Amino acid sequence: MVGLVHLYTGNGKGKTSAAFGLALRMAGHGGKVLIVQFLKGMPTGEVIAAKKIPEIEVMRFGSKEFVNPKKPRPEDLEMARKGLYAAKGAMSSGEYRLVVLDEINVAVSFNLLSENDVIAAVKERHPSTEVVLTGRYAPKSFYDLADYVTEFKEIKHPFSRGVPAREGIEF
Ligand code: ATP
Ligand code: MG
């Protein structure tokens with residue numbers, strides 16, 4: 001089967017959960033999955049659960065603190081680059097049926113990674129590897145690159161009425 005490219009972007013909730021849902025589906029058919037997370041370092045339920053599934057591997061390249069988009073630290077840059085390097089190797093190896101690049105759109109929009117480096121890595125993937133790019137603020141070039149483009153649009157979110165992130169729902 002030929003591997004295609006998915007883009008999950010927009011300001012609505014559900015992008016990362018959708019990507020993990022797809023990982024679950026692939027794992028159910030015995031396909032190996034790699035999830036590479038950019039920017040994120042905090043423990044989240046989906047990562048804890050994914051570790052219990054033998055077909056799913058997770059690599060994280062983020063710290064526990066939020067990255068300041070206006071002033072990223074050298075280590076933020078370093079981690080993002082390491083993440084792309086690892087993702088690139090995994091995508092071209094043919095070892096994985098699915099590679100998820102979670103929050104990579106945000107890493108690009110914060111200038112931690114270049115749009116063109118990401119596009120080149122995705123294009124050089126093994127022909128049978130499916131790729132998912134997630135995160136807000138995807139550049140136009142990612143819309144062109146992807147075969148599936150889904151925008152998650154916020155209509156309502158309880159955060160705007162002061163409800164803080166809830167365990168098992170937001171993280
Ligand atoms: P999820 O991780 O729940 O699948 P997501 O990947 O679409 O959502 P992100 O844009 O990556 O969400 O945002 C990161 C965090 O902010 C997540 O915990 C998410 O649930 C939460 N979130 C998503 N949309 C909003 C919003 N409109 N307002 C506040 N918090 C949000
Ligand atoms: Mg997300």
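Quick note: structure is the one above.
Residues numbered from 1 in each chain as written. Chains lettered and ligands numbered in written order. Predicted model: local features only at pLDDT ≥ 70, side-chain atom pairs only at ≥ 80, totals over all residues. Heavy atoms only, no water.

Asker: I would appreciate a short explanation of the coordination of the magnesium ion (ligand 2) in the present structure.
Answerer: Six octahedral donors at a metal ideally form angles of 90 or 180 degrees, and four tetrahedral donors ideally form angles of 109.5 degrees. Each protein donor to the magnesium ion (ligand 2) is listed here as Thr16 (OG1) and Glu103 (OE); together their distances run 2.1 Å. You can see Thr16 sitting in helix 1 (residues 15-28) and its partner Glu103 sitting in the loop between strand 4 (98-102) and helix 4 (104-109), a full 87 residues away along the chain. The burial state of Thr16 is the same as that of Glu103; both residues are buried. (Donors = N, O, S within 2.8 Å, 3.2 Å for Na, K, Ca; no water. Helix = DSSP H or I, 4+ residues; strand = E, 2+ residues; numbered from the N terminus. Buried < 20%, exposed > 50% of the residue type's maximum accessible area, 1.4 Å probe, protein only.)

Asker: Looking at this model, I keep getting lost on the pattern of salt bridges. Mind explaining?
Answerer: When charged atoms on two side chains of opposite charge get close, those side chains can pair. Taken as a whole, this structure holds nine salt bridges when the rule is applied. Across the pair Glu103 and Lys40 runs a salt bridge, and its minimum N-O distance is 3.0 Å. Note that Glu103 is positioned in the loop between strand 4 and helix 4 and Lys40 in the loop between strand 2 (33-39) and helix 2 (45-50), a separation of 63 residues in sequence. Across the pair, exposure class does not vary: Glu103 and Lys40 are buried alike. For Glu78, the salt bridge is made with Lys82, and the minimal N-O distance between the two is 3.6 Å. With Glu78 and Lys82 both in helix 3 (residues 74-93), this residue pair falls four residues apart, about one helical turn. Residue classification places Lys82 among the partly exposed residues on the basis of a relative accessible area of 47%. Through salt bridges that share partners, Glu65, Arg73, Glu75 and Asp76 make up one connected network. (Salt bridge = Lys/Arg side-chain N within 4 Å of Asp/Glu carboxyl O.)

Remember that the coordinates give geometry; whether it matters functionally is a separate question.
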